[in-house]
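What follows is each chain in one-letter form.
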Amino acid sequence: MSLSAARPLITVYSEKNEKAGNNVCLPAVFKAPVRPDIVSTIHNEIAKNKRQPYCVNRDAGHQTSAESWGTGRAVARIPRVRGGGTHRSGQGAFGNMCRGGRMFAPTKTWRRWHRRVNVAQKRYAMCSAIAATGVPALVMAKGHVIDGISEVPFVVSDNVQGLQKTKQAVEFLRRNKAWADVAKVYATRRMRAGKGKLRNRRRVQKLGPLVIYDQDQGLTKAFRNIPGVDTMQVDALNLLKLAPGGHLGRFCIWTASAFKKLDTLYGTWKKPSAAKSNWNLPMPKMANTDLSKLLKSEEIRKVLRAPNRKIVKAKKTKANPLKNIRALLKLNPYAAVTKKQAALTQEK
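Residues numbered from 1 in each chain as written. Predicted model: local features only at pLDDT ≥ 70, side-chain atom pairs only at ≥ 80, totals over all residues. Heavy atoms only, no water.

(A) A look at the environment of Thr41. With respect to the element layout, Thr41 can be found in helix H1 (residues 36–46). The class of Thr41 is partly exposed, set by a relative accessible area of 45%. Through-space distance from the C-alpha of Thr41 to that of Asp214 is 28 Å; in sequence the pair is 173 residues apart. One polar contact links the side chain of Thr41 to the main-chain carbonyl oxygen of Asp37, over a distance of 2.8 Å. (Helix = DSSP H or I, 4+ residues; strand = E, 2+ residues; numbered from the N terminus. Buried < 20%, exposed > 50% of the residue type's maximum accessible area, 1.4 Å probe, protein only. Polar contact = N/O pair within 3.5 Å; in protein donor to acceptor, adjacent residues only side chain to side chain.)

(B) Fine view of H1. Taken as a whole, H1 has its buried residues at Ile38, Val39, Ile42, His43 and Ile46. All buried residues of H1 lie within an arc of 125° about the axis, which places them on one face of the element. The inward-facing, buried residues of H1 abut helix H2 (119–132) and helix H7 (239–242). (Arc of directions from axis to C-beta. Contact = heavy atoms within 4.5 Å.)

(C) Highlighting the sheet that holds strand S10 (residues 252–255). Ordered by their spatial adjacency, six strands build an open sheet running S2-S1-S5-S10-S8-S9, and the pairing between neighbours is mixed. Looking at which strands have only one partner, the edges of the open sheet turn out to be strand S2 (19–25) and strand S9 (230–233). Direction aside, neighbouring strands of the sheet carry axes that sit 30° apart on average. Bridge count for strand S8 (residues 210–213) against S9 is four bridges, and the pairing is parallel. Paired with Ile212 across the bridge in S9 is Met232. Those strands touched by helix H8 (residues 256–266) are strand S1 (9–13), S2, strand S5 (154–156), S8 and S10, and its axis lies near 90° from that of S10. (Pairing = 2+ DSSP bridges. Axes fitted to C-alpha atoms, helices over the stretch in contact; angles between N-to-C directions.)

(D) Expanded view of the pattern of salt bridges. As enumerated under the stated definition, the model contains nine salt bridges in all. Salt-bridge contacts for Lys48 lead to Glu45; the nearest nitrogen and oxygen are separated by 3.4 Å. On the accessibility criterion, Lys48 (19% relative accessible area) is buried. The exposure class assigned to Glu45 is partly exposed, which follows from its relative accessible area of 21%. In this structure, Arg175 and Glu171 form a salt bridge, with 3.2 Å as the shortest nitrogen-oxygen distance. Here Arg175 and its partner Glu171 are both found in helix H4 (residues 166–175), four residues apart, which amounts to about one turn of the helix. Judged by relative accessible area, Arg175 falls into the partly exposed class, the value being 36%. Under the relative-accessibility criterion, Glu171 is labelled partly exposed at 40%. (Salt bridge = Lys/Arg side-chain N within 4 Å of Asp/Glu carboxyl O.)

(E) Quick peek at unusual backbone geometry. In this model, Val152 is joined to Pro153 through a cis peptide bond whose omega is 5°. Relative to the helices and strands, Pro153 is located in the loop between helix H3 (136–141) and S5. Positive phi, normally seen in glycine, also occurs at Phe94, with a value near 75°. As for its position among the elements, Phe94 is in the loop between strand S4 (80–81) and H2. In this structure, Ala105 is a non-glycine residue whose phi angle is positive, near 45°. Considering the arrangement of structural elements, one finds Ala105 in the loop between S4 and H2.

(F) Quick look at the packing of aromatic side chains. Using the criterion set out here, one finds eight aromatic pairs in the structure. Ring plane angle 65° and centroid distance 6.3 Å describe the contact between Tyr266 and Trp279, whose orientation is recorded as edge-to-face. Of the two residues, Tyr266 sits in helix H8 while Trp279 sits in the loop between H8 and helix H9 (291–296), which places them 13 residues apart along the sequence. With respect to burial, Tyr266 and Trp279 carry one shared label: buried. Each member of the aromatic cluster is reached from another via a ring pair, and the members are Phe30, Trp254 and Phe259. Across the ring face of Trp69, the terminal group of Arg73 is positioned such that the distance to the ring centre comes to 4.3 Å. Across the ring face of Trp69, the terminal group of Arg80 is positioned such that the distance to the ring centre comes to 5.3 Å. (Phe/Tyr/Trp six-rings, centres within 6.5 Å; stacked < 30°, edge-to-face > 60°. Lys NZ or Arg CZ within 6 Å of the ring centre and 35° of its normal.)

(G) Local environment of the packing of H1 against H2. Packing of H1 against H2 brings their axes to within 9 Å, and their N-to-C directions diverge by 120°. Classified by the angle between their axes, H1 and H2 sit oblique to one another. When the axes of H1 and H2 are compared, the crossing they make is left-handed. Touching Ile38, Val39, Ile42 and Ile46 of H1 are Gln121, Lys122, Tyr124, Ala125, Ser128 and Ala129, all from H2. Grouping the constituent residues of the contact of H1 with H2 by class yields seven nonpolar, two polar and one charged. (Parallel < 35°, antiparallel > 145°, perpendicular 65-115°, else oblique. Left-handed = near helix turned anticlockwise from the far one by under 90°. Nonpolar A, V, L, I, M, F, W, Y, C, P; charged D, E, K, R; others polar.)

(H) Quick peek at H2. With 14 residues, H2 should cover 20 Å at 1.5 Å per step; its first-to-last C-alpha distance of 20 Å lies within 8% of that length. In this structure, the buried side of H2 is in contact with H1, H3, H7, S10 and H8. (Expected span 1.5 Å × (residues − 1).)

Structure representation (C-alpha cells):
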C-alpha cells in the first residue's frame, strides 16, 4: 500500500504557493498496490502500438542477373554475376554474406507490430502508476527535483486551469518551487547518440512535471512551450506519460477538480467506479507490508515453537585408512599380519 495513505487529507495550494484554505480527501486509488513489474510489462506492450511499419525494398540485392557456376570449378556455389570485362563479373551475388547482396530474412511490412493488452491489466497498471506518484521516495528515485515542494501528491487550485500565457505558467512553477525540476530538463538537454540525429531527433532530454487538469481553459497552451512539461486530462490518463519508460514515480501536479474526480473514475473499495463497469480497485496482497513488524507480532510468536538451543557437535572427519592404522584395521583386520610379515622380511 502506498505510503501516502498515512495522510488522508491533502492540502490545496494556490497559484502563489499559499494554502487555499480547503483540503481534499486522498482518493482511494493512491492506496492501490504499487506493482513495478505489471507497469513495466504493460508499458512495454502499449508502447508498441504507435510503431509505423518499415521494411527494405523487395528487390534489394536481387537487381542483377547472377547464376551459380555449379560444382567442379573449385569455388563456392554461390550465384555469381555474369559477363566479363569488369570487376563485378564473377563476384558473388544475392546471398546475405555477399557484397551488394540482400539481407538475411528481409523485413516485411506485415510483421506483427501491435499488441492487444487486456483492459483489466491496463487499469491495474494505471492504478499502480497513480499510487506511485504519491510516494515522495519513488518520485525522487525517478530523478525529479522536489526538495522545495510542499507536499506530495501536489494539488493546486483550479485557477491554474485558466492560465493563458507561458509567462504565467513559468511564474506559477517558480512560485511553487517546481521550476527546479524544469531547470534539470534544460541542464540535461544533449545530443542523441546514434542514427536518430539524422532523422529529426537530434536532441534528448529528461522529463519534467506532468500537469493533470479537469477543464482546459487555456492551460495546455500556457504549458506546451516549457521543455519537459506535459499536460494531461484526468479522463484520458496515459500510462506512457504517467510512467515514462515503464518506471514509476513521475512528479505530477494535480488541479483540485481533477484530484477529486479520481474517486469517480476509479472508485473505492466500498463504492464501484462510475466510469468503468464491473471493475473494482485492485486489492493489495498484504494489508501490512512491514515484514519485520509482522514477524515480531505477538500473534505469530505465539504459534511458533521454542528455538532449539541444543548444540549439535559436528561429526569428526573420516580418517584416511592409508595414513591411519586404526582406520585400516577396521576395514581390514588382516592388515596387521601383512604389515608384520613385511617388517620381518625387510629385517632378513
